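# Survey of secondary and tertiary structure
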Amino acid sequence: MLPRTLGELQASPFGQESYRRRTIKDEMRMNLIRKLEAKTPLFSGIIGYEETVVPQVVNAILSRHNMILLGLRGQAKSRILRGLIEFLDDAIPVIEGCEINDNPFSPICRRCRDLIQEMGDRTPIGYWKKEERYVEKLATPDVTIADIIGDIDPIKAAKGGHAIGSELSIHYGLLPRANRGIFAINELPDLAGKIQVGLFNIMQEGDVQIKGYPVRLPLDVILVFSANPEDYTARGKIVTPLKDRIGSEIKTHYPPSIDHGVAITEQEAWIRRASGRDILVPQFI
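About the thresholds
- Residues numbered from 1 in each chain as written.
- Predicted model: local features only at pLDDT ≥ 70, side-chain atom pairs only at ≥ 80, totals over all residues.
- Heavy atoms only, no water.
- Helix = DSSP H or I, 4+ residues; strand = E, 2+ residues; numbered from the N terminus.
- Buried < 20%, exposed > 50% of the residue type's maximum accessible area, 1.4 Å probe, protein only.
- Polar contact = N/O pair within 3.5 Å; in protein donor to acceptor, adjacent residues only side chain to side chain.
- Core = buried A, V, L, I, M, F, W, Y, C linked by side-chain atoms within 4.5 Å.
- Contact = heavy atoms within 4.5 Å.
- Lys, Arg positive; Asp, Glu negative; His and termini not counted.
- Salt bridge = Lys/Arg side-chain N within 4 Å of Asp/Glu carboxyl O.
- 1 Å grid on protein atoms, 1.4 Å probe; cavity = no way out; pocket = protein on both sides within 12 Å on 5 of 7 lines; lining within 4 Å.
- Points joined across faces, edges and corners; volume = space filled by probe spheres on them.
- Nonpolar A, V, L, I, M, F, W, Y, C, P; charged D, E, K, R; others polar.
- Disulfide = S-S within 2.5 Å.
- Pairing = 2+ DSSP bridges.
- Axes fitted to C-alpha atoms, helices over the stretch in contact; angles between N-to-C directions.

Within the secondary structure, Ser12 is located in the loop between α1 (6-10) and α2 (17-21). Residue Ser12 is classed as buried on the basis of its relative accessible area of 14%. There is a polar contact of 2.7 Å between the side chain of Ser12 and the backbone oxygen of Leu9.

Listed below in structure tokens is the structure:
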């Protein structure tokens, strides 16, 4: 029986001051500490990183850092990033119908602030599951600011009778929609320089310019990236201001032993099929 209005939410454990002020980085840190104390496995399906990569990821989360995984193809970078949702709560309260999953206690979008002013304690509350709080984007040179941050939507402005420069006329991109979640970008060097600067502005200042209009968006988001060091000179680079704001740089590697390689192959191979026949793969293969 989860609270369904703002008034009920304030009177519930969700309304405690410590919960209201908690960011996603605090949330991940608390859940990680809980897992460490319980000695439960942190990542599933990750083999050979127990003494190298996983401790670095743990340090990054404990330090509340944005992070980047540097490594060659096939080194489980994406799997680690997707595994970060295990450090999130099962569900968090949001203002129902909000495009950017606003915190009911400190909304940042104009629509939600107006709704709370109008309805007060009757403001409807919904819940956002942890599986939905991971947003991933593969970086390509054709990605635009509109894709990542957002754009002015003239149709939305016309239907609502808003000015083009109004916050209510914005169609939000992937990053604002990941508010209070994890936003992952694969192959970061492929992202155009001006888009990387837009990410830097969000990380550092909490604001961005959409079509020349300054928009204040103090997003509560953790940014995680992956990159292949071989591609830096061939396809692009990470701009210095953004690189300086990525707190933890974690290098991945191939299996350190044949045993690890065999274990990974057995895990990923599709040999248990519903054909009624057992497939035997000899050890030497």
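Within the largest apolar cluster, 50 residues are counted, with the highest numbers of intra-cluster contacts made by Leu175, Phe183, Leu188 and Leu199. Counting residues per element, this core draws most heavily on helix α10 (residues 193-204), at four residues. When sequence neighbours within four positions are dropped, the list of residues in contact with Leu175 reads Ile148, Ile149, Phe183, Leu199, Ile202, Leu219, Val221 and Leu223. Counting residues in each nonpolar core, the second largest holds 27 residues, with Val54, Ile80, Ile182 and Ala184 among its members.

Turning to the side chain of Lys35, a few remarks are in order. By secondary structure assignment, the location of Lys35 is in helix α3 (residues 24-38). Although Lys35 is buried, it makes no salt bridge; Glu86 carries the closest opposite charge, 4.9 Å away. The contact partners of Lys35, leaving out residues within four places of it in the chain, are Thr40, Pro41, Leu42, Glu86 and Phe87.

This paragraph deals with the layout of surface pockets. By volume, the largest pocket is sized at about 290 Å³. Around the largest pocket sit Val262, Thr265, Glu266, Ala269, Ile271, Arg272, Val281, Pro282, Gln283, Phe284 and Ile285, which together line it. Split into classes, the residues belonging to the lining of the largest pocket amount to seven nonpolar, two polar and two charged. Roughly 250 Å³ of internal volume is contained in the second largest pocket. Lining the second largest pocket are 18 residues; nearest its centre among them are Arg22, Asn103, Ser106, Arg180 and Asp220. Secondary-structure elements contributing two or more residues to the lining of the second largest pocket are α2 and α3. The dominant element in the lining of the second largest pocket, judged by the number of residues it contributes, is α2, at three residues.

Evaluated as defined, the whole model comprises zero disulfides. Cys112 forms no disulfide, and the closest cysteine sulfur to it belongs to Cys109, at a distance of 3.3 Å.

Strands sit in the order β4-β7-β10-β1-β11 across an open sheet of five strands; the sheet is parallel. Each edge of the open sheet carries a strand with a single partner, namely β4 (134-138) and β11 (248-251). Each strand axis lies, on average, 15 degrees off the axis of its neighbour in the sheet, ignoring direction. Taken together, the four bridges between strand β7 (residues 182-186) and strand β10 (residues 222-227) define a ladder with parallel strand orientation. Of the residues in β10, the one forming a bridge with Phe183 is Leu223.

Before going further, it helps to spend a moment on the environment of Phe225. With respect to the secondary-structure elements, Phe225 resides in strand β10. Remark: the alpha-carbon pair of Phe225 and Lys77, spanning 148 residues in sequence, is separated by 9.1 Å. Apart from residues lying up to four places away in sequence, Phe225 is in contact with Met67, Ile68, Leu69, Leu81, Ile185, Leu188, Leu199 and Ile246.

Once that is clear, we can look at the pattern of salt bridges. Taken as a whole, this structure holds 14 salt bridges when the rule is applied. For Arg21, the salt bridge identified is with Glu17, shortest N-O distance 2.7 Å. Here Arg21 pairs with Glu17, and both are found in helix α2, just four residues apart, close to one helical turn. The salt bridge partner of Arg22 is Asp89, with a shortest N-O separation of 2.8 Å. With Arg22 in the loop between α2 and α3 and Asp89 in the loop between α5 (77-83) and β2 (91-95), this residue pair connects regions lying 67 residues apart in the sequence. Comparing Arg22 with Asp89, the two get one shared label, buried. What you see here is one network of salt bridges that share partners, running through Arg22, Glu27, Asp89 and Arg133.

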